[in-house]
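Residue-level listing of the chains:
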Amino acid sequence: MEKKLLNSPQHSDENTDSVLAEMFLNNALLEFKREKIRKEIDQTLQDGNKELFLQLTEELKKIN
């Protein structure tokens, strides 16, 4: 039976993998939100909705 100590390299690798996975997912989610807002901005331009355009561009600035 293999014993793992809390400070062993295996535990550290698991933490690193978990942190990297979380960073990857957060980045993917952020990019998805950016793309969604960009598409909505394009639609507001086609519709001529200046108020919504300004609101969406401010939202995009906040997440960049």
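Named according to an unreviewed UniProt entry, the protein is IDEAL domain-containing protein originating from Neobacillus rhizophilus.

Colleague: Give a description of the pattern of salt bridges that names residues and reports values.
Modeller: All told, the structure shown has four salt bridges when counted by the stated rule. When the shortest N-O distance is used, the salt bridge between arginine 34 and glutamate 31 registers 3.2 Å. Taken together, the residues arginine 34 and glutamate 31, both in helix 1 (residues 9-47) and three residues apart, mark about one turn of the helix. On the basis of relative accessibility, which here comes to 15%, the residue arginine 34 falls in the buried class. One salt bridge connects glutamate 58 with lysine 61, and the closest N-O pair in it is separated by 3.2 Å. Pair noted here: glutamate 58 and lysine 61 are both in helix 2 (residues 50-63), with a separation of three residues, about one helical turn. Judged by its relative accessible area of 57%, lysine 61 is exposed. Each of Glu31, Arg34, Glu35 and Arg38 takes part in one network of salt bridges that share partners.

Colleague: So what's going on with helix 2? Which residues, and what values?
Modeller: Here helix 2 contains 14 residues, and its C-alpha end-to-end distance of 20 Å stays within 8% of the 20 Å for a straight helix at 1.5 Å per residue. Turning to helix 2, its buried residues number three or more, namely Leu56, Thr57 and Leu60. On an axial view of helix 2, the arc spanned by its buried residues comes to 100 degrees, and they lie on one face. Of the exposed residues in helix 2, those oriented more than 90 degrees away from the buried face are Glu51, Lys61 and Lys62.

Colleague: Which residues make up a nonpolar patch on the surface, and what values do they have?
Modeller: A surface patch of nonpolar side chains, amounting to about 290 Å² of accessible area, comprises Val19, Leu20 and Met23. As for its placement among the helices and strands, valine 19 is situated in helix 1.

Colleague: Can you lay out the UniProt feature "domain: IDEAL" (unreviewed entry) in the protein for me, pointing to particular residues and giving the numbers?
Modeller: UniProt's entry tags residues 24-60 with the feature "domain: IDEAL" (unreviewed entry), counted in the numbering of this structure. Taken end to end, residues 24-60 comprises 95% helix and 0% strand; its first and last C-alpha atoms sit 20 Å apart.

Reading guide: rules and limits
Each chain has its residues counted from 1, following the order in which its sequence is written. Since the coordinates come from a predicted model, pLDDT governs what is reported: local features require at least 70, and pairs of side-chain atoms require 80 or more to be given and counted, while whole-chain, interface and lining totals use all residues. For the side-chain quantities, the full set of heavy atoms in the structure was used; hydrogens and water were omitted. Put simply, a salt bridge is a Lys or Arg side-chain nitrogen that is within 4 Å of an Asp or Glu carboxyl oxygen. Strands here are runs of E lasting at least two residues and helices are runs of H or I lasting at least four, both read from the DSSP assignment and numbered beginning at the N terminus. Burial classification: accessible surface area is computed with a 1.4 Å probe over protein chains only, and a residue below 20% of its type maximum counts as buried, one above 50% as exposed, and the rest as partly exposed. By this rule the span expected of a helix is its residue count minus one, scaled by 1.5 Å. Think of it as the arc spanned by the lines of direction from the helix axis to the C-beta atoms. What makes a patch is a set of residues exposed beyond 30% relative accessible area and free of salt bridges, joined within 9 Å when like-charged and within 5 Å when nonpolar (Val, Leu, Ile, Met, Phe, Trp, Tyr). What sets the accessible areas is the Shrake-Rupley method with a 1.4 Å probe; for residues, cover comes only from the shown protein chains. UniProt positions are given in the numbering used here, feature names are shortened, and annotations may be inferred rather than shown by experiment.

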